[in-house]
Amino acid sequence: MSLHGSYDSENIFAKIIRGDAPCYKIYEDDDVLAFLDLFPQSYGHTLVLPKHVEARNLLDIEPEKLSQLITVVQRLAQVLTDELEPAGVQIAQFNGAPAGQTVFHLHFHVIPRFAGEDLAIHASKMADKAELEALQARLQQRIGAL
Ligand code: AMP
């Protein structure tokens, strides 16, 4: 998929937003949804996306909507680092397949980074569901105060 093109409303994140596919949701407001990545690059890897825009990538979104989105990215990065205490936190965002994008609904990755772990861009192993559920409950409790 190139950088430009039309939005496909059957992409997996559009389905999750509509409630047609499941996710391990950790945060939602009127404009933004955040859930755990199914193939996490690290413990706590979270995806943050806008709900009501048909944006394939960063170039497609209105600046005002982008501001709302990045504000939540920052808040969740704070929550994840407070709760999981990684040594670092990576914020990643890819535009177009050659840049590493695989799902064509704009999203930010918030990836806690722990000392000594790989900096791989994509993980190949699906997370353990029980671990995701436990992490979801832990983060939801902390995020409840947001
Ligand atoms: P990107 O390469 O930036 O497009 O990232 C897409 C991310 O979505 C990858 O990290 C995938 O592991 C993740 N992903 C794909 N399908 C799902 C899903 N159904 N639930 C949660 N994460 C997903």
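Residues numbered from 1 in each chain as written. Predicted model: local features only at pLDDT ≥ 70, side-chain atom pairs only at ≥ 80, totals over all residues. Heavy atoms only, no water.

- The chain goes by HIT family hydrolase in an unreviewed UniProt entry, where it is assigned to Pseudomonas marincola.

**Here we look at the packing of helix 2 (residues 63-84) against helix 3 (residues 129-143)**
1) Next: The N-to-C vectors of helix 2 and helix 3 enclose an angle of 115°; their axes lie 10 Å apart at closest approach. Once helix 2 is placed against helix 3, the crossing between them reads as right-handed. Each of Leu76, Val79, Leu80, Asp82, Glu83 and Leu84 in helix 2 lies in contact with helix 3, whose residues at this interface are Leu135, Arg138, Leu139, Arg142 and Ile143. (Axes fitted to C-alpha atoms, helices over the stretch in contact; angles between N-to-C directions. Helix = DSSP H or I, 4+ residues; strand = E, 2+ residues; numbered from the N terminus. Left-handed = near helix turned anticlockwise from the far one by under 90°. Contact = heavy atoms within 4.5 Å.)

**Description of the UniProt feature "active site" (unreviewed entry) in the chain**
1) Next: Per the UniProt record, "active site" (unreviewed entry) is annotated on His107.
2) Next: The topology assignment puts His107 in the loop between strand 4 (88-92) and strand 5 (108-113).
3) Next: If we ignore the near neighbours within four places in the chain, the residues touching His107 are Phe13, Leu47, Val48, Leu49, Ala92, Gln93 and Gln101.
4) Next: There is a polar contact of 2.6 Å between the side chain of His107 and the backbone oxygen of His105. (UniProt positions renumbered as here; feature names shortened; annotations may be inferred. Polar contact = N/O pair within 3.5 Å; in protein donor to acceptor, adjacent residues only side chain to side chain.)

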